[in-house]
Amino acid sequence: MISDRLRAYDQHSILITEELDAIEKRRWPTDSDPARQPLMFFSDPTDRSKFLKMLLVEISQGAPTEKIGRLFQRPDLVQVWEKLGGAPADITGATSSITCVRKGSMIFSVILNYITGTVFVASPSGVFYLRLPNYQESSLDSVDLDTVFTQGKTLDFPSAQKTCVTADDFHRFTTFLGKTGYRENFLDSHIFVDDMDRFLHHSEPGGPARPLYLSELQNGNGPIGFVMANGEKISEWIHWLAFVKFAKNSLGERALRIFEISLDRPWTKDGVLMSTSEPYSIFCGTGETAYLDISRLRTFGSPSRFRSMLVVTTWDNEYIIHIMRKFCYREVTGSF
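The rules we used
Residues numbered from 1 in each chain as written. Predicted model: local features only at pLDDT ≥ 70, side-chain atom pairs only at ≥ 80, totals over all residues. Heavy atoms only, no water. Helix = DSSP H or I, 4+ residues; strand = E, 2+ residues; numbered from the N terminus. Rg over C-alpha atoms; globule rule 2.2 N^0.38 Å. Buried < 20%, exposed > 50% of the residue type's maximum accessible area, 1.4 Å probe, protein only. Contact = heavy atoms within 4.5 Å. Phe/Tyr/Trp six-rings, centres within 6.5 Å; stacked < 30°, edge-to-face > 60°. Lys NZ or Arg CZ within 6 Å of the ring centre and 35° of its normal. Core = buried A, V, L, I, M, F, W, Y, C linked by side-chain atoms within 4.5 Å. Arc of directions from axis to C-beta. Pairing = 2+ DSSP bridges. Lys, Arg positive; Asp, Glu negative; His and termini not counted. Salt bridge = Lys/Arg side-chain N within 4 Å of Asp/Glu carboxyl O.

A. Molecular detail of the overall build of the protein. Helices and strands together make up the secondary structure of the protein, namely 14 helices and 17 strands. What you see for the protein is a C-alpha radius of gyration of 20 Å, in line with the 20 Å of a compact globule of 336 residues. If you line up the protein on its principal axes, its C-alpha atoms span 55 × 50 × 40 Å. Across the 336 residues that make up the protein, the buried fraction comes to 52%. A separation of at least 24 residues holds for 69% of the contacts in the protein among residues at least 6 apart in sequence.

B. Fine view of the packing of aromatic side chains. This structure, assessed with the given rule, holds 9 aromatic pairs. Measuring from ring centre to ring centre gives 4.9 Å for phenylalanine 128 and phenylalanine 149, while their planes differ by 55 degrees; the resulting arrangement is tilted. Placement of the pair is phenylalanine 128 in strand 6 (residues 126–131) and phenylalanine 149 in helix 7 (residues 145–151), with a sequence separation of 21 residues. Its relative accessible area of 11% is what places phenylalanine 128 among the buried residues. Feature note: the residues Phe173, Phe186 and Phe226 constitute an aromatic cluster, connected by ring pairs. Here the guanidinium or amino end of arginine 48 rests over the ring plane of phenylalanine 51, the centre of that ring lying 4.2 Å away.

C. View of unusual backbone geometry. Residue proline 88 is reached from alanine 87 by a cis peptide bond, and omega for that bond is -5 degrees. In this fold, proline 88 is placed in the loop between helix 5 (77–85) and helix 6 (89–92). The residue lysine 103 is not glycine, and still its phi comes out positive at about 50 degrees. With respect to the helices and strands, the residue lysine 103 is situated in the loop between strand 3 (95–102) and strand 4 (105–113). Given the relative accessible area of 41%, lysine 103 is considered partly exposed.

D. Just the nonpolar core, in detail. Membership of the largest hydrophobic core comes to 46 residues, with the highest contact counts inside it found for Phe42, Met106, Phe157, Trp237, Phe243 and Leu292. The greatest single-element share of this core, amounting to 6 residues, is contributed by helix 13 (residues 240–246). Ignoring any residue separated from it by four or fewer positions in sequence, one finds phenylalanine 157 in contact with Val127, Pro211, Leu214, Ser215, Phe243, Ala247, Ala255 and Leu256. Of all hydrophobic cores here, the second largest spans 20 residues; its members include Phe186, Phe226, Phe259 and Val311.

E. Spatial organisation of helix 14 (residues 318–326). All of the buried residues in helix 14 are Ile320, Ile321, Ile323 and Met324. One face of helix 14 carries all of its buried residues, which in axial projection span an arc of 160 degrees. More than 90 degrees from the buried face of helix 14, the exposed residues found are Glu318, His322, Arg325 and Lys326. Elements that come into contact with the buried residues of helix 14 comprise strand 10 (226–233), strand 11 (256–260) and strand 16 (307–314).

F. The arrangement of the sheet that holds strand 9 (residues 200–202) in detail. The 6 strands are arranged 9-8-10-16-11-17 in an open sheet whose pairing can be described as mixed. Of all strands in the sheet, those with a lone pairing partner are strand 9 and strand 17 (330–331), marking the two edges. Taken together, the 2 bridges between strand 11 and strand 17 define a ladder with antiparallel strand orientation. For glutamate 260, the partnering residue across the bridge sits in strand 17 and is arginine 330.

G. Representation of the side chain of aspartate 169 in the model. Mapped onto the elements, aspartate 169 comes out in helix 9 (residues 167–171). As a buried residue without a salt bridge, aspartate 169 has its nearest oppositely charged side chain in arginine 172, at a separation of 5.2 Å.

H. Highlighting the sheet that holds strand 4. Strand order across the open sheet formed by 7 strands is 1-2-3-4-5-6-7, with mixed pairing between neighbours. Two strands in the sheet have a free side with no partner beyond their single neighbour: strand 1 (14–16) and strand 7 (153–154).

I. A look at the environment of isoleucine 282. With respect to the helices and strands, isoleucine 282 occurs in the loop between strand 13 (272–273) and strand 14 (283–284). The exposure class of isoleucine 282 is buried, given its relative accessible area of 1%. The sequence separation of isoleucine 282 and serine 295 amounts to 13 residues, and the corresponding C-alpha distance is 8.3 Å. The residues contacting isoleucine 282, other than those within four sequence positions of it, are Ile234, Trp237, Tyr291, Leu292, Asp293, Arg296, Leu297 and Phe306.

J. Spotlight on the pattern of salt bridges. Taken as a whole, this structure holds 14 salt bridges when the rule is applied. Taking the shortest distance from any N to any O, the salt bridge between aspartate 76 and arginine 74 comes out at 2.8 Å. Taking the relative accessible area as the measure of exposure, aspartate 76 reaches 30% and is therefore partly exposed. Arginine 74 sits in the partly exposed class, given a relative accessible area of 30%. Across the pair arginine 183 and aspartate 197 runs a salt bridge whose closest N-O atoms are separated by 3.2 Å. Taken together, the residues arginine 183 in helix 10 (residues 182–187) and aspartate 197 in helix 11 (residues 196–199) connect sequence positions 14 residues apart. You can call arginine 183 partly exposed: its relative accessible area is 33%.

Below is the structure:
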């Protein structure tokens, strides 16, 4: 359905998901010049599916044939979810996401939280979020981008100086460590010499919504100093780039900073590098000439399997910024 809608908008557009790789690979552009490439959409149709399945099993007990929409109307749905998948549900909930790249430039990201019914939009107008009407209400059909801007709220990404009280708070982080090889990959980044688990907030967080841990939505659930893509697939983290590009602080500057980690001897997963050095990176150029070289993914049998190690933090987290510079990890800057 997502593919059909996007194709109706632009028949030449390409949608990258793990499910459609084999189909879309045949249509992949051969020209490496971003100006000559079609609209590229990246989607993770259902993130945190493991926990979503657990939720469905839990809430369908006694009503195995009930429609999911009705099950999701349970008044205690959020509480049930948070017991299974963590709190707050606005960040931890199962999501669907779409990100658009045009001519090597990040255009927008949209993330829909299934559990709370919240939609997040990161675009040149800023980062907004809106609680959607009940799925049975006719007003849902009229929700568009203007609705998000006029009825939604601007999402704030407060400075580390405001959210972090102790020195340890600046070190707290979340990244994926839930499968074989990820812990070893993280340790080789040297972000922590020891006591990694002391600062770990969540070892199986969602992918697309992970930057939201740095937002005001995390208030009351413990400050987070940074989030990291730990050699994960591109569909987990490409959505972050719109939040990094479009979220602003009180000075009108970018509220978030992003660094790319390159290991001297990178680990692999399914034969794919988990970290990329600059020659293999999709981040090219600097300043006004910065762009995303999506053509790099053309050589992969499954483009959605491209991986990277990225760190996103608030603009003033001096601890993690110092670590990134200490190990000469590249800060991704410019107008990508």
